[in-house]
Amino acid sequence: MWNRRQDRPRPVGCGVEELRRRRREREAALRKARREQQLVSKRLLRDDTPEEAESGCVDLILGEAEIQQFLWLAQRGTEEKEREGALASLRRGLQRPETQQTFIRLEGSIRTLVGLLTSNQALLQLEAARCLHELSHSEQSAVAEACLPATTYLLTYLSGHSSDFIELCLYTLGNLIVESEAVRMQLLPQGIVPALSACIQTVLEALGYALSQLLQAKEAPEKIIPSILGSTLPQHMLQLLQPGPKLNPGVAVEFAWCLHYIICSQVNNALLITHGALSTLGLLLLDLAGAVQRSEDAGLELLVCPVLRCLSNLLTEPAVDAVGGQMELRDERVVASLFILLQFLLQKQPSLLPEGLWLLNNLTANSPSFCTSLLSLDLIEPLLQLLPVSNVVSILVLTVLCNVAEKGPAYCWHLWPGPLLSSLLDTLAFSDTEVVGQSLELLQLLFLYRPEIAQAFLQQSGLQALKRHEEEAQLQDRVHALQQTALHG
């Protein structure tokens with residue numbers, strides 16, 4: 001999940017400089033941008049006609065003979081309605097994987113469908129596009145490959161006048177792009193990036209979807225993202241993420257994921273920062289927290305996730321310090337908003353809690369001001385309440401607390417007295433080695449900066465809590481170092 005260096009054997013001596021060295025090593029690993037990709041997904045547009053809905057049409061498995069018959073009628077039917085009906089029947093059949101396989105094996109089937117796609121009859125053209133859309137949703141890569149001859153025409157139609165038809169073409173291309181490298185390699189030299197850029201004034205949600213699919217390609221950092229960064233798309237993306245009455249949640253979700261994939265590529269994040277990405281995302285974070293407070297949070301987690309990831313990853317960039325990016329986030333407001341969202345995720349989507357904590361880690365790692373905000377807003381106790389959620393959450397909570405404690409005695413003074421010590425004693429009972437190891441690191445910092453905490457630890461049977469980990473190979477050096485610090489200072 002997160003890249004972490006394996007623990008090295010620890011020296012028994014454990015002074016402030018040694019702890020700082022460890023912290024620097026851990027932060028170097030922790031602060032690497034996360035590379036988790038959104039699960040590949042496809043979109044399916046189905047909008048049955050009123051006649052189809054009333055008749056309760058069922059998608060049936062079609063054999064070769066039936067497919068050939070429908071294609072023949074679509075091409076040579078005497079009436080336009082008959083031709084459209086044949087394609088509609090074929091489209092319903094193509095909703096079944098078995099029919100899709102039969103269709104692509106049938107010689108000339110795709111060629112015929114492409115011919116109908118280029119028809120000068122709009123309704124016939126639309127039905128042909130819908131058939132291709134059904135094929136594009138297949139989970140079989142061979143089906144996507146079979147649709148390759150149609151992609152050039154779908155790309156051309158993005159410059160058309162019908163927003164519904166453009167939307168259908170975009171979703172179909174998005175489905176095919178993510179499935180097939182051959183499709184991407186054909187479309188790139190044909191100008192898919194400029195073609196997508198030209199759609200920015202029309203069907204935004206479909207454009208965001210197609211673009212996000214393209215950005216997930218393994219070759220995106222070398223062959224796709226430089227072209228996108230050289231276009232006007234990044235500025236438009238950030239405009240579409242500006243909070244306010246014009247913010248469209250569906251559009252914002254798609255373009256937030258686009259931005260996430262671009263940032264993860266690390267091709268030129270400095271450019272995004274100079275375009276104001278940190279400021280825009282920070283304001284959007286405040287707006288999302290406000291929506292939670294107003295109970296306007298339906299589906300909010302869909303947007304919260306990519307926004308948190310974008311901010312987290314951007315904060316690891318050297319360019320942030322160069323442009324005063326931390327100041328752009330307006331310390332206390334961001335921390336307060338982040339905790340509102342953490343409570344929201346705890347109730348609605350606990351699996352996303354690590355996203356928020358990852359951002360909190362990156363905010364506090366090298367910033368005394370964000371650590372001060374955490375303390376001045378009395379957010380240590382709410383943070384500790386997240387410890388039981390999961391091991392991953394516990395590790396991140398403890399890492400954030402280490403970020404605070406590492407800043408020195410003045411910060412440790414605010415961490416105790418309070419519930420922190422008893423919470424740490426509880427985590428020492430965990431079976432997860434990494435959770436316990438992070439607890440030991442935090443205790444070592446607290447003991448070094450505030451020796452009276454070590455005395456309280458001893459009085460609360462802390463040594464007994466440590467004994468259970470004395471024989472664990474990954475922990476025994478740190479356990480011994482902590483015992484020495486607690487007993488002898």
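Residue positions are given per chain, counted from 1 along the sequence in the order it is written. For this predicted model, a pLDDT threshold of at least 70 governs which residues receive local features, and a threshold of 80 or more governs which side-chain atom pairs are given and counted, while totals over whole chains, interfaces and linings are taken from all residues. No hydrogens and no water enter the side-chain calculation; it runs on all heavy atoms of the structure.

## Side note on helix α9 (residues 148-156)
Note on helix geometry: an α-helix contains 3.6 residues per turn, so any two residues three or four positions apart are oriented the same way.
Here is step 1 of the chain: Accessible area is worked out with a 1.4 Å probe on protein chains only. A residue is then buried under 20% of its type maximum, exposed over 50%, and partly exposed in between. Helical segments are the DSSP runs of H or I of at least four residues, strand segments are the runs of E of at least two, and each set is numbered from the N terminus. Among all positions of α9, only Ala 150, Thr 151, Leu 154 and Leu 155 are buried. In an axial view of α9, the angular spread of the buried residues amounts to 140°, which keeps them on one side of the axis.
Here is step 2 of the chain: The contact definition used throughout considers only heavy atoms, calling two residues in contact when any of these lie within 4.5 Å. At its buried positions, α9 is contacted by α6 (109-117), α7 (122-136), α10 (163-179), α11 (181-187) and α12 (192-197). Directions are taken from the helix axis to each C-beta atom, and the arc is the one they span.

## Observations concerning the pattern of salt bridges
Here is step 1 of the chain: We define a salt bridge as a contact between a side-chain nitrogen of Lys or Arg and a carboxyl oxygen of Asp or Glu at a distance within 4 Å. All told, the structure shown has 9 salt bridges when counted by the stated rule.
Here is step 2 of the chain: Among the salt bridges present, the one from Glu 98 reaches Arg 96, with a minimum N-O distance of 3.8 Å.
Here is step 3 of the chain: Taking the relative accessible area as the measure of exposure, Glu 98 reaches 39% and is therefore partly exposed.
Here is step 4 of the chain: The salt bridge partner of Arg 130 is Glu 127, with a shortest N-O separation of 3.2 Å. In this pair, Arg 130 and Glu 127 both sit in helix α7, 3 residues apart, roughly one turn of the helix.
Here is step 5 of the chain: On the basis of relative accessible area, Arg 130 is assigned to the partly exposed category, the value being 21%.

## Re the packing of aromatic side chains
Here is step 1 of the chain: Working definition: a ring pair exists when centres of Phe, Tyr or Trp rings (six-membered ring for Trp) sit within 6.5 Å. Plane angles under 30 degrees give stacked, over 60 give edge-to-face, the rest tilted. Counted under the stated rule, the structure contains 4 aromatic pairs.
Here is step 2 of the chain: Geometrically, the ring pair formed by Tyr 171 and Tyr 209 is tilted, given 5.3 Å between the ring centres and 40° between the ring planes. Within this pair, whereas Tyr 171 is found in helix α10, its partner Tyr 209 is found in helix α13 (residues 204-215), the two being separated by 38 residues in sequence.
Here is step 3 of the chain: Arranged with centres 6.0 Å apart and planes meeting at 25°, the rings of Trp 257 and Tyr 261 form a pair that is stacked. Here Tyr 261 and Trp 257 lie together in helix α16 (residues 249-265), a separation of 4 residues that amounts to about one turn.
Here is step 4 of the chain: Accessibility expressed as a relative area gives 9% for Trp 257, which makes it buried.
Here is step 5 of the chain: Look at Tyr 261 and you get buried, because its relative accessible area is 3%.

## Describing the nonpolar core
Here is step 1 of the chain: Residue types Ala, Val, Leu, Ile, Met, Phe, Trp, Tyr and Cys, when buried and joined through side-chain atoms within 4.5 Å, form a set referred to as a nonpolar core. Leu 90, Phe 103, Leu 158, Leu 170, Leu 374, Leu 383 and Leu 446 are the most contacted members of the largest nonpolar core, which totals 167 residues.
Here is step 2 of the chain: Broken down by element, this core gets its largest block of residues, 11 residues, from α16.
Here is step 3 of the chain: The contact partners of Leu 446, leaving out residues within four places of it in the chain, are Ala 405, Cys 412, Leu 415, Leu 420, Leu 424, Pro 451 and Ile 453.

## Re the confidence of the model for the chain
Here is step 1 of the chain: Within the chain, residue pLDDT values average 88, and 87% of them lie at 70 or more.
Here is step 2 of the chain: Of the regions scoring below 50 in pLDDT, residues 1-13 engages in 38 contacts with residues more than four places distant in sequence or in other chains.
Here is step 3 of the chain: Per residue, pLDDT captures the predictor's confidence, and it can take any value from 0 to 100. Within the model, pLDDT remains below 50 along residues 30-39, and this stretch shows 33 contacts once partners closer than five positions in the same chain are excluded.

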